[in-house]
Amino acid sequence: MTTGIAGLNASNQKENRNNMENLTLTKEWDKTFPKSDKIDHSKVTFVNRYGITLAADMYKPKGATGKLPAIAVCGPFGAVKEQAAGLYAQEMAERGFLTIAFDPSFTGESGGTPRYMTSPDINTEDFSAAVDYLVTNPEVDREKVGIIGICGWGGIAINAAASDPRIKATLASTMYDMSRVNANDYFDAEDSAEARNALREKLATQRTEDYLNGTPKLGGGVPDILPDDAPKFLRDYYDYYKTKRGYHPRSLNSNGGRNATSPIPWINFPLMSRAGEIENAVMILHGEKAHSLYFGSDAYKKLTVTPGKENNKLFMVIPGASHTDLYDQKEIIPFALIDKFFSENMK
């Protein structure tokens, strides 16, 4: 007796779930923001296509019944779900969405080794794995699922939307294009084959050292002491990641950072290469004074308006806002407009 492909897939998925890693999940509220009395909170886990178990905080509107629209949230790059992602998730849950804020592979409470690694492929998959979880959740309307990516996860969210049409609406907030910044440095200051080859030589040398040492070297997070000539955006990062405002003990940016060799795959992996093929809704949100504004502006230019859906590609600039203002400054982040965007595009 033979087993069809569908049967094999179902069997593989069941085996994947049954072999989830045993994760240690914090039971107490350890977020950088207060818990809302309008939501119910719980911890959940799910497995991505590479067998890595991801940990997430679920936020549900208190007393909600029936199938709900849902949103998966991740970011900023180097942060954990207890920081900005959780705040966005809780705020959207207050507005009627079932939301999950998840830690990406190799990070926070999620599984995967080596720790503190990043991957354009696996991290894009993390979003789709979150969608797997949501569309199969009996409390979710599977036709009304969206994602929010913050900072570096904004670019990853756009890449996920390009590959996964189950994502009906995508918000990229204060986004980075991690491929571009790793390949070209900030403001494309090192956009040359010569500069990239010099970086590749440096990273290759570090790979050899890591192999000999048996453990990856960390690249360092936001510095504990700012140099006198630190640019404003670094000071803004410090004010978030290194102070009570946003510090978290599991956050890479608040502590030792990602593995030093993490840039390797991003250099050759153009995240925005298929952005123009996204048919579903995309909103890019940026601060007027954000050093990263050019990432969002150029990403928006790559988007294509879908015939019959002339208003489903949006670019919004928040006057006077910096990059990190859109992490947690609730009086600046336009949550009412974000709510409207998802509600109108997940009908």
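One can find the structure itself at the top, above this paragraph.
Residues numbered from 1 in each chain as written. Predicted model: local features only at pLDDT ≥ 70, side-chain atom pairs only at ≥ 80, totals over all residues. Heavy atoms only, no water.

Participant: How should I be thinking about the overall build of the protein in this particular structure?
Facilitator: When helices and strands are counted, the protein shows eleven helices and eight strands. In terms of overall dimensions, the protein is globule-like: its C-alpha atoms have a radius of gyration of 20 Å, near the 20 Å expected for 347 residues. Judged by the C-alpha coordinates and their principal axes, the protein covers about 55 × 55 × 45 Å. For the protein, the proportion of its 347 residues judged to be buried stands at 52%. For the protein, the distance from the average site of its 40 positive side-chain charges to the average site of its 44 negative ones is 4 Å. (Helix = DSSP H or I, 4+ residues; strand = E, 2+ residues; numbered from the N terminus. Rg over C-alpha atoms; globule rule 2.2 N^0.38 Å. Buried < 20%, exposed > 50% of the residue type's maximum accessible area, 1.4 Å probe, protein only. Lys, Arg positive; Asp, Glu negative; His and termini not counted. Charge placed at Lys NZ, Arg CZ, Asp CG, Glu CD.)

Participant: Any chance you could explain the pairing of strand β5 (residues 140-150) here in plain terms?
Facilitator: Working note: regular strand, side chains alternate between the two faces of the sheet. As paired strands, strand β3 (residues 68-74) and β5 are joined by six bridges and run parallel to one another. Its bridge partner being in β5, Ala72 is matched across the sheet by Ile147. Taken together, the five bridges between β5 and strand β6 (residues 169-173) define a ladder with parallel strand orientation. For Gly146, the partnering residue across the bridge sits in β6 and is Ala169. For the segment spanning β5, helix α4 (residues 152-163) and β6, crossover handedness is right-handed. (Pairing = 2+ DSSP bridges. Right-handed = clockwise from strand over helix to strand, strands pointing away.)

Participant: Please explain empty space enclosed by the protein as it appears in this structure.
Facilitator: Here the idea is plain: a probe the size of a water molecule rolls over the atoms and shows the empty space left. One pass over the structure, following the stated rule, counts one cavity of 30 Å³ or more. Reported here for the largest cavity is a volume of approximately 80 Å³. The wall of the largest cavity is formed by Phe77, Gly78, Ala79, Pro104, Ser105, Thr107, Met117, Thr118, Asn123, Trp153, Leu252 and Arg258. Residues belonging to the lining of the largest cavity are distributed by class as follows: six nonpolar, five polar and one charged. (1 Å grid on protein atoms, 1.4 Å probe; cavity = no way out; pocket = protein on both sides within 12 Å on 5 of 7 lines; lining within 4 Å. Points joined across faces, edges and corners; volume = space filled by probe spheres on them. Nonpolar A, V, L, I, M, F, W, Y, C, P; charged D, E, K, R; others polar.)

Participant: Before we go on, may I ask you to explain the packing of helix α3 (residues 120-135) against α4 in this structure?
Facilitator: Working note: a packed helix pair is described by the angle between its axes plus the distance between those axes. At a closest axis distance of 9 Å, the pairing of α3 and α4 adopts a crossing angle of 70°. Classified by the angle their axes make, α3 and α4 are roughly perpendicular. Seen from above, α3 lies across α4 with right-handed handedness. Contacts between α3 and α4 pair Asn123, Thr124, Asp126 and Phe127 from the former with Trp153, Ile156, Ala157, Asn159, Ala160 and Ser163 from the latter. Its residues assigned to classes, the contact of α3 with α4 comprises five nonpolar, four polar and one charged. (Axes fitted to C-alpha atoms, helices over the stretch in contact; angles between N-to-C directions. Parallel < 35°, antiparallel > 145°, perpendicular 65-115°, else oblique. Left-handed = near helix turned anticlockwise from the far one by under 90°. Contact = heavy atoms within 4.5 Å.)

Participant: Explain the side chain of Asp103 to me, please; I cannot follow it from the model alone.
Facilitator: Relative to the assigned elements, Asp103 resides in the loop between β4 (98-102) and α3. Asp103 gets classed as buried once you look at its relative accessible area, which sits at 0%. Residues in contact with Asp103, not counting those within four places in the same chain, are Leu54, Ala55, Val80, Lys81, Glu82, Gly108, Glu109 and Ser110.

Participant: Any chance you could explain the sheet that holds β5 here in plain terms?
Facilitator: Within a sheet, neighbouring strands are paired by backbone hydrogen bonds and run either parallel or antiparallel to one another. On the basis of which strands lie adjacent, the open sheet formed by eight strands has the order β1-β2-β4-β3-β5-β6-β7-β8 and mixed pairing. Both edges of this open sheet fall to β1 (39-47) and β8 (313-318), since each of them pairs with a single strand only. Sheet twist, expressed as the average angle between the axes of neighbouring strands with direction ignored, equals 20°. Where strand β2 (residues 53-61) lies against β4, four bridges are found, and the strand directions are antiparallel. Looking at β4, one finds that Tyr59 is bridged to Thr99.

Participant: I'm lost on the packing of aromatic side chains in this one. Help?
Facilitator: For any pair of aromatic rings, the description rests on two quantities: the centre-to-centre distance and the angle between the ring planes. Under the criterion given, the structure shown has 23 aromatic pairs. Seen in terms of ring centroids, Phe102 and Phe127 are 5.4 Å apart; in terms of plane orientation they differ by 85°. Their pairing is edge-to-face. Taken together, the positions of Phe102 in strand β4 and Phe127 in helix α3 put the pair 25 residues apart, joining distant regions of the chain. Aromatic pair Tyr300 and Phe315: ring centres 5.5 Å apart, planes at 20°, arrangement stacked. One end of the pair, Tyr300, is in helix α9 (residues 293-302); the other, Phe315, is in strand β8, with 15 residues separating them in the sequence. Among the residues examined, Phe315 registers a relative accessible area of 29% and is labelled partly exposed. Taken together through their ring pairs, the aromatic side chains of Tyr176, Tyr186, Phe187, Phe233, Tyr237, Tyr240, Tyr241, Tyr294, Phe295 and Tyr327 make up a single cluster. (Phe/Tyr/Trp six-rings, centres within 6.5 Å; stacked < 30°, edge-to-face > 60°.)

Participant: Looking at this model, I keep getting lost on the layout of surface pockets. Mind explaining?
Facilitator: Considering only enclosed or pocket space, the largest pocket measures out at about 1,100 Å³ in volume. Looking at the largest pocket, it is lined by 40 residues, and the ones nearest its centre are Asn182, Tyr186, Gly220, Arg258 and Pro263. Residue assignment for the lining of the largest pocket shows that the elements contributing at least two residues are α5 (178-184), α6 (193-213), α7 (232-241) and α8 (263-267). Top contributing element to the lining of the largest pocket by residue count: α6, with eight residues.

Participant: Would you explain unusual backbone geometry in this entry?
Facilitator: Note: most peptide bonds trans; most residues except glycine with negative phi. Of note, the bond from Gly75 into Pro76 is cis; its omega dihedral lies within 30 degrees of zero at -5°. Looking at the element boundaries, Pro76 is found in the loop between β3 and α2 (84-94). The omega torsion of the bond from Thr113 to Pro114 falls at 0°, within 30 degrees of zero and hence cis. Tracing the backbone through its elements, the reader meets Pro114 in the loop between β4 and α3.

Note that all results are geometric; they support no functional claim without further evidence.
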